[in-house]
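If you want the building blocks of each chain, they are given just below.
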Amino acid sequence: MNGGVAHNLSEEESRQDGAGDTDGGEDSNEQEVIVIQDTGFTVKIQAPGTEPFDLQVSPQEMVQEIHQVLMDREDTCHRTCFSLQLDSNVLDNFAELKSIEGLQEGSLLKVVEEPYTVREARIHVRHIRDLLKGLDPSDAYNGVDCNSLSFLSVFTDGDLGDSGKRKKKGSELEQIDCTPPEHILPGSKERPLLPLQPQNKDWKPMQCLKVLTMSGWNPPPGNRKMHGDLMYLYMVTVEERHISITASTRGFYLNQSTTYTFNPKPANPSFLSHSLVELLSQIRRLHLPSGLRGTHTWTGTHTSRLGYEEHIPGQTRDWNEELQTTRELARKNLPDRLLRERAIFKVHSDFAAAATRGSMAVIDGNVMAINPGEETRMQMFIWNNIFFSLGFDVRDHYRELGGDAAAHAAPTNDLNGVRAYGAVDVEGLYTLGTVVVDYRGYRVTAQSIIPGILEREQEQSVIYGSIDFGKTVVSHGKYLELLERTSRPLKVQRHNVLNEKDESMELCSSVECKGIIGNDGRHYILDLLRTFPPDLNFLPVEGEELSPESVRQGFPRQHRHRLACLRQELIEAFVEHRYLLFMKMAALQLMQQKANKESKLATLTENSSPGAAVPALPSTETPDASVTCYIDIHSTSLSSSPDLSNPTLTCFHQDPKSREVVLNACKAVGSISNTSFDIRFNPDIFSPGVRFPEDSADDIQKQKQLLKDAGAFMVSCQIPSLVKDCLDHSALPMDGATLTEALHQRGINVRYLGNVLAFVDQTPAKAQLEHFYRIGISELITRCAKHIFKTYLQGVELSALSASVSHFLNCFLSSFDAVAHLPADELVSRRKNRKRRNRVPGGGDNTAWASLTPSELWKNIVSEAQSYYHFTLHCENADQVVEKYGLQKITLLREISIKAGIQILIKEYNFDSRHKPAFTEEDILNIFPVVKHVNPKASDAFHFFQSGQAKVQQGYLKEGCELINEALNLFNNVYGAMHVEICACLRLLARLNYIMGDHHEVCCFRHYKHILIFLSRYWASSTPTLSRNMYTGCVYYVSGNIGLVLHGVMEYDLSLRFLENALAINSKYHGPRSLKVALSHHLVARVYESKAEFRSALQQEKEGYTIYKNQVGEAHEKTKESSEYLKYLTQQAVALQRTMNEIYKNGSNASIMPLKFTAPSMASVLEQLNIINGIIFIPLSQKDLENLKAEVQRRQQLQESGKSVEDLTVDGPLELEDKIPMDVNVD
């Protein structure tokens, strides 16, 4: 959300920390990267029983990172209890390599086995168990420990082997079946689920052990402890061999114990192995895989799993200390920032995973409350040094703001505030680690704990802000100083409020923001739910009239809570809009002044004698300077407002009239300053219970007007802008997630979805937005269903969870008139009337869910759409939705499953049967948590990536490629090898290398493999894939690409189906006269030509020729090419007709001239693929190249002399290649 702010700040830091030259920031960063790469060195690692191997390390790395590499490496992954020694000296795990004396290029580090303790033995057993579970897909399906599915082997089967080369069958390459499956062919009505998780035909489940758990003979008796026994393990092999193992200080060995007899003496023969895997290898061959990490999947299969002990005790972590310590790491130069960002990312990832596990344990009833005497919904919990609270209105805290609805919305607002302050990253100001988890209908907020906060009352702890929404307010000088540094990037106005004693207290945040100094001396801020100003469109205030733009759209509207805030993206867009308005107004007034002065000068000249002196006037350069000022400031970051220290603004203050111009412009745009542009918002405006001093009445009125203008900007600019972007295809939502992302990028809250759909409905070009409208309706319906499902689940007992979820899905999607069948109790209890002790939070009637009917559910969905989104749905059941809005039930199932955290069995469901329900209890596999948390950014890597994109757009492909490569290295350094940003880098690098002709790099298995790994693992959760693109029906180039590839392999019939589909989509979304449609006609004509259907080919090419002729004229190259192709087709058609006539006339005696049927060449197919994907190569002569080289040299000389390149003109782009790629899409 705050990537732009973080990027601007990183640029600012690099300029401050570099040589102090604003122009040298980027260069200094590039040099720092080179320094990092050059100072790396290689060490040798020798582990017991293995050959020494080389490892590339960096001086900034810690010894602990080498430990992790060894635990991930295949031949050493089974070791956990060891030390690294250099010349017999043990290395400190937390020491940086550069601080180790004697460590240099070629040094030998020995892996030395260390004695076990009980803790180390437990860690070792857990690690081995995790490795064994890597063979079992059940954890991947269930998302345990962030595991997820991988389909890499399926994608590469028959294509690429382990070496990255095509598999061979005998002496020939193995043939690949290029035939697309039936369900993605154009016009197919089937939407199968099974292809979403493709399986390798030869895949067989592998199992090493059946059981690995703690033995019942634990703990060891005293006499065995004297022999070094730490614990006993029990194991069952695949061959049904039952084994007892002793874990001792020296390692692991078999003992003579059985299920009924305790005999801890070593078995005969006795094997003592330091690693459990080495011991098992003595018993049977054991191969351990390396696990992959990823995301939850909404579909799964029934699986059996290895028996193991789930809750092995581990060492609890002080999360707050870890989170804050990583923030305090040095950030003066690039190596320091890389180390800091990597540490922040690692700790945040671990904290989010722990918070998710804890939230699930809280809702499942596995954590004891710290206030067990309170009502269930009011209870709070502490687990693993994390504080958990439920999203209910405790003690009427949110009564005036909307009760439970406000309590449910507050955590996400607070998380947005944490994200915003974290992105600003002010030194000395700390926020809490925060994760918001939705699970089984409950919202849980997980936070790190401020040291000492549990030892004293909140009233004693808070030294800044208010604990009762503004009734009592306190302030603190240090907090004002720290928050003042965040006010400019976050657009927060410093203001005064009145406390209960009518004293004026100064704040630089909302009153709800609390400042607490922990026992560690750090200054923490929390409760950041009002970081951003309120959205007046959803906050009716008596006596306040909104702007006409908002009123025309039906605002203000009553929302179910009063915490509706504007998004940070909208604030940024609004300030940028006002900034442009400010500069235009100032420039216009200055030009008017110049015109008036020139008219006065002309009058004076006419009235004076020829020899009279003309009085000196203020510089006539002022208007031009103002225009220059506009350009210069606009090119700078808009997150930092310009002020008088900026030399480009001094042109406004050369005389009183110019100062008056600035004053008028500032008043017009709502600037809080009268001398410079500076727009900020008071987040406490319209907050209930907050009072302001009388002397600030004028300022408060200005702030109210500013909020009204921001609300009007939302409905009059941002929503139309989104629709316009969808019309010109610069924004292309694929599903609910990408639609939500498109809304948020423009600062539009999802609560405006009804307004967006209504705007689309009234747009003249509605037909071209059909896909967008359909996705929007689907998103609106599934969100309404999610709201109902949340409340529905809260009253369900755990034992009836699968039955209740399947019943809800039947009511939502099935054509069967769903009647709930209460599950038969699998366990018979003699005390049936005994009250169950395991209560669910806020639980009521445990069987109320069974009374839900399809008509009642859809009536509630229609009502929810009207009350929450102010949109009228005209449907009474799922079948009417499919018929009226053109939706698909499988799409609705996917969306509701992802949003509500439902995992279903992957099989084909019959939604349309009226005789049996579509879902049964057995189809519901799991409920998984939906998690929101802060995603730390690799700011320097983003800077390089964006700089590289800018270079590419300017035509400097080689420089851009180098910057993207640097960004890839930095992303790898911070995130590791598996991250969405790394996938984006690899995709762009492959495209750039292809354009520059370096085809070896494009086909480099490293790039190919990484992209495939990422896509294969991300596929199961949310990434739009090939088949899902076909489902949307709006990504025309998917059909075009597939059609051209099929044409190249001479699958003409299939190719024709895809290319005709691409033609229909192009005609629909670009208009029948578009040049894209002309190209599609030409591609279809080529296939018809290959099929010798020349009449159809002529018809298609004539359509294309007509479009080219009308759009670009007869003299254009494309029109001429089409005309020539028409002549060729006509000749072929005539020749074919003559041949047919000869056959009809003379029969078998006919003398037939051989017809020329040209098979498509790969070069022509590749050329067309380039064109439809936006890559056009323009051949240049040697003379053109020499002219371009001379022009580039001239520009470089001018840049070195400090002149502006923008003032120059050139007829061609600046890329010295034999072919110039044009119109390159780098997004």
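Residues numbered from 1 in each chain as written. Predicted model: local features only at pLDDT ≥ 70, side-chain atom pairs only at ≥ 80, totals over all residues. Heavy atoms only, no water.

Looking up the chain in an unreviewed UniProt entry gives the name Clustered mitochondria protein homolog, with the organism given as Oncorhynchus kisutch. Within the UniProt record for the chain, the comment given under Sequence similarities (unreviewed entry) is "Belongs to the CLU family." Its UniProt record gives the chain a comment under Function (unreviewed entry), which states: "mRNA-binding protein involved in proper cytoplasmic distribution of mitochondria. Specifically binds mRNAs of nuclear-encoded mitochondrial proteins in the cytoplasm and regulates transport or translation of these transcripts close to mitochondria, playing a role in mitochondrial biogenesis." (UniProt positions renumbered as here; feature names shortened; annotations may be inferred.)

(A) Up close: the overall build of the chain. When helices and strands are tallied, the chain shows 38 helices and 28 strands. The 1227 residues of the chain split such that 50% are buried. Long-range contacts, defined here as pairs at least 24 residues apart, represent 69% of the contacts in the chain between residues at least 6 apart. By element, 51% of the accessible surface of the chain is carried by carbon and sulfur atoms, the whole surface being about 59,700 Å². (Helix = DSSP H or I, 4+ residues; strand = E, 2+ residues; numbered from the N terminus. Buried < 20%, exposed > 50% of the residue type's maximum accessible area, 1.4 Å probe, protein only. Contact = heavy atoms within 4.5 Å. Areas by Shrake-Rupley, 256 points an atom, 1.4 Å probe, with all protein chains shown as cover.)

(B) Geometry of unusual backbone geometry. Look at the link from Asn218 to Pro219: it is a cis peptide, with omega at -5°. Positionally, Pro219 belongs in the loop between β8 (209-214) and α7 (222-225). Note that the residue after Phe555, namely Pro556, is joined by a cis bond; omega there is 0°. Structurally, Pro556 is set in the loop between α14 (548-552) and α15 (568-607). The phi angle at Arg440 is positive, at roughly 55°, despite the residue not being glycine.

(C) The arrangement of the environment of Asp75 in detail. Residue placement: Asp75 occurs in the loop between α3 (63-72) and β3 (82-86). Note: C-alpha distance between Asp75 and Thr50 (25 residues apart in sequence) is 7.7 Å. Among the polar contacts made by the side chain of Asp75, one reaches the side chain of Arg73 at a distance of 3.0 Å. (Polar contact = N/O pair within 3.5 Å; in protein donor to acceptor, adjacent residues only side chain to side chain.)

(D) Just the pattern of salt bridges, in detail. This model, assessed by the stated rule, comprises 57 salt bridges. Here Asp728 ties to Lys724 by a salt bridge, and the two come within 3.5 Å at their closest N and O atoms. Residue classification places Asp728 among the partly exposed positions, given a relative accessible area of 41%. For Lys907, the salt bridge is made with Asp923, and the minimal N-O distance between the two is 3.1 Å. Placement of the pair is Lys907 in the loop between β24 (902-905) and β25 (924-927) and Asp923 in the loop between β24 and β25, with a sequence separation of 16 residues. Judged by its relative accessible area of 31%, Lys907 falls in the partly exposed class. When its relative accessible area of 2% is taken as the criterion, Asp923 is described as buried. Sharing partners across several salt bridges, the network here consists of Asp735, Glu779, Arg783, Arg894, Glu895 and Lys899. (Salt bridge = Lys/Arg side-chain N within 4 Å of Asp/Glu carboxyl O.)

(E) How the structure looks around the packing of aromatic side chains. Applying the stated criterion across every chain, the model contains 28 aromatic pairs. Among the aromatic residues, those joined into a cluster by ring pairs are Phe345, Phe942, Phe945, Phe971 and Tyr975. Directly above the aromatic system of Tyr956 lies the positively charged group of Lys951, at a separation of 5.5 Å from the ring centroid. (Phe/Tyr/Trp six-rings, centres within 6.5 Å; stacked < 30°, edge-to-face > 60°. Lys NZ or Arg CZ within 6 Å of the ring centre and 35° of its normal.)

(F) Structural view of empty space enclosed by the protein. The tally for this structure, following the rule as stated, stands at eight cavities of 30 Å³ or more. Its boundaries defined by the atoms lining it, the second largest cavity holds a volume of some 150 Å³. Along the walls of the second largest cavity sit 15 residues, with Leu323, His348, Thr431, Leu432 and Gly433 positioned nearest its centre. At the level of secondary structure, the elements contributing two or more residues to the lining of the second largest cavity comprise α9 (319-327), α10 (334-363), α11 (404-424) and β17 (434-439). (1 Å grid on protein atoms, 1.4 Å probe; cavity = no way out; pocket = protein on both sides within 12 Å on 5 of 7 lines; lining within 4 Å. Points joined across faces, edges and corners; volume = space filled by probe spheres on them.)

(G) The arrangement of the sheet that holds strand β19 (residues 462-464) in detail. Spatial ordering of the open sheet is given by β16-β23-β22-β19, a layout of four strands whose pairing is mixed. In this open sheet, the two edge strands, each paired with only one partner strand, are β16 (429-431) and β19. The average undirected angle you get between the axes of adjacent strands in this sheet is 45°. The sheet contact formed by β19 and strand β22 (residues 514-517) spans two bridges and is antiparallel. When the bridges of β22 are listed, Val462 appears paired with Ile516. Contacts between helix α13 (residues 477-490) and the sheet are confined to β16, β19, β22 and β23 (523-526), with β23 contributing the most and set at about 65° to the helix. (Pairing = 2+ DSSP bridges. Axes fitted to C-alpha atoms, helices over the stretch in contact; angles between N-to-C directions.)

(H) Focus on the packing of helix α34 (residues 1075-1090) against helix α35 (residues 1094-1112). Following both chains from N to C, one finds α34 and α35 inclined at 160°, their axes separated by 8 Å at the closest point. One element, α34, and the other, α35, form an angle in the roughly antiparallel class. When the axes of α34 and α35 are compared, the crossing they make is left-handed. Contact residues: Leu1075, Val1077, Ala1078, Leu1079, His1081, His1082, Val1084, Ala1085, Tyr1088 and Glu1089 in α34; Phe1094, Ser1096, Ala1097, Gln1100, Glu1101, Glu1103, Gly1104, Ile1107, Tyr1108, Gln1111 and Val1112 in α35. Residues that form the contact of α34 with α35 fall into these classes: 12 nonpolar, six polar and three charged. (Parallel < 35°, antiparallel > 145°, perpendicular 65-115°, else oblique. Left-handed = near helix turned anticlockwise from the far one by under 90°. Nonpolar A, V, L, I, M, F, W, Y, C, P; charged D, E, K, R; others polar.)

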